[in-house]
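An overview of the molecular structure
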Amino acid sequence: MRARKTETELRQEQIVAAALDMISAEGVHALSIVGIAERVGIVPSALYRHFKGKDDVLDGVLALLERRLLRNVTQVRKQTPDALSRLRLLLMKQAQMLSENRGIPHIVFSDGIYTGHPERKAKVAEIMQSHLSRIQKIIEEGQQKGAIREDVAPTTASVMFLGMILPAAVLGNLTEGGFDLIAHVEKAWPVFVRCIATNNKSQS
């Protein structure tokens, strides 16, 4: 049985979630200890009991993103054994996550995350590569079971999969939510399936 989270762990999660909300609303450059503390409802000095400073909070945001990406893959694996169904469920989970957390594209693409922090840039690359490898694994399993064409390159298909989501999420940010990410991925999914499925049928 999983142990209950301590008060410290819960507070740290609140701080990181508030930082992600602030990035979503105002961008990476607007992130501040004072602003985060106001969102959590604590004084800035209390925040320093949990994080050394803004850079430490940003590292916490990256860890949160990593956990959420892993959780999404774990959940779809439990929901169905079918590779195409797993990919569709994962696509919708990722789109929902990005719709609710518009700061994530800032974290992935913003120079404000990387400038002066090569180790953080390497961490973002590691998170994205690990996520791509999990998608690639699902595609390879689909090939082994005959659901996905053998001539499909799993590495290429995994990048194409992310390509249905991330650029659209950026467009959603640029238009202040005027671009419907969920509607986009629902329309993009049948096109993707026609490119990779052996039976050339879209799965709705």
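Before any of the text, the structure's been laid out above.
Residues numbered from 1 in each chain as written. Predicted model: local features only at pLDDT ≥ 70, side-chain atom pairs only at ≥ 80, totals over all residues. Heavy atoms only, no water.

**A few points about the nonpolar core**
Counting residues in hydrophobic clusters, the biggest one holds 63 residues, and the most contacted among them are Ile 36, Leu 47, Leu 87 and Phe 161. In this structure, this core is formed jointly by two domains, domain 1 (1-51) and domain 2 (56-196), each of which donates at least three residues. What Phe 161 contacts, discounting residues up to four positions off in sequence, is Leu 87, Leu 90, Leu 91, Ile 135 and Phe 192. (Core = buried A, V, L, I, M, F, W, Y, C linked by side-chain atoms within 4.5 Å. Buried < 20%, exposed > 50% of the residue type's maximum accessible area, 1.4 Å probe, protein only. Domains from an automatic or database assignment. Contact = heavy atoms within 4.5 Å.)

**Quick notes on the packing of aromatic side chains**
Applying the stated criterion across every chain, the model contains two aromatic pairs. Each ring, one from Phe 161 and one from Phe 192, has its centre 6.0 Å from the other, and the planes form 65°; the classification is edge-to-face. Taken together, the residues span a long stretch of sequence, with Phe 161 in helix α9 (residues 154-163) and Phe 192 in helix α11 (residues 181-196) at a distance of 31 residues. The exposure classification of Phe 161 matches that of Phe 192, with both residues buried. In this structure Phe 192 comes out as buried when scored by relative accessible area, which is 3%. An aromatic cluster is defined as three or more aromatic residues linked by ring pairs; in this entry it consists of Phe 161, Trp 189 and Phe 192. (Phe/Tyr/Trp six-rings, centres within 6.5 Å; stacked < 30°, edge-to-face > 60°. Helix = DSSP H or I, 4+ residues; strand = E, 2+ residues; numbered from the N terminus.)

**Quick look at the environment of Ala 37**
With respect to the helices and strands, the residue Ala 37 is situated in helix α2 (residues 33-40). Here the alpha-carbon distance between Ala 37 and Ala 18, two residues 19 residues apart in the chain, equals 8.2 Å. Aside from chain neighbours lying at most four places away, what touches Ala 37 is Ile 42, Val 43, Pro 44 and Leu 47.

**Comments concerning the packing of helix α1 (residues 7-26) against α2**
Across the interface, α1 lies against α2 with an axial gap of 9 Å and an inter-helix angle of 115°. Taken together, the axis directions place α1 and α2 in an arrangement best described as roughly perpendicular. By crossing handedness, the relation of α1 to α2 is classed as right-handed. Contacts between α1 and α2 involve Arg 11, Gln 14, Ile 15, Ala 18, Ala 19, Asp 21, Met 22, Ala 25 and Glu 26 from the first element and Gly 35, Ile 36, Arg 39 and Val 40 from the second. (Axes fitted to C-alpha atoms, helices over the stretch in contact; angles between N-to-C directions. Parallel < 35°, antiparallel > 145°, perpendicular 65-115°, else oblique. Left-handed = near helix turned anticlockwise from the far one by under 90°.)

**A short note on the pattern of salt bridges**
The final tally for this structure, using the stated rule, is seven salt bridges. Among the ionic pairs, Arg 120 bridges to Asp 55, the shortest N-O distance being 3.4 Å. On the criterion of sequence distance, the pair formed by Arg 120 in helix α8 (residues 118-144) and Asp 55 in helix α4 (residues 54-79) is long-range, its members being 65 residues apart. Two residues, Arg 120 and Asp 59, come together in a salt bridge whose shortest N-O distance is 3.1 Å. On the criterion of sequence distance, the pair formed by Arg 120 in helix α8 and Asp 59 in helix α4 is long-range, its members being 61 residues apart. For Arg 120, a relative accessible area of 2% puts it in the buried group. Judged by its relative accessible area of 38%, Asp 59 is partly exposed. (Salt bridge = Lys/Arg side-chain N within 4 Å of Asp/Glu carboxyl O.)

**Describing the side chain of His 131**
By the secondary structure assignment, His 131 is in helix α8. Classification of His 131 as buried rests on a relative accessible area of 1%. Looking at His 131, its side chain comes within polar contact range of the side chain of Gln 94, at 2.6 Å. Look past the residues within four positions of His 131 in its chain and what remains in contact with it is Leu 69, Val 73, Gln 94 and Leu 162. (Polar contact = N/O pair within 3.5 Å; in protein donor to acceptor, adjacent residues only side chain to side chain.)

Honestly, that's just the spatial picture; any functional story needs more than this.
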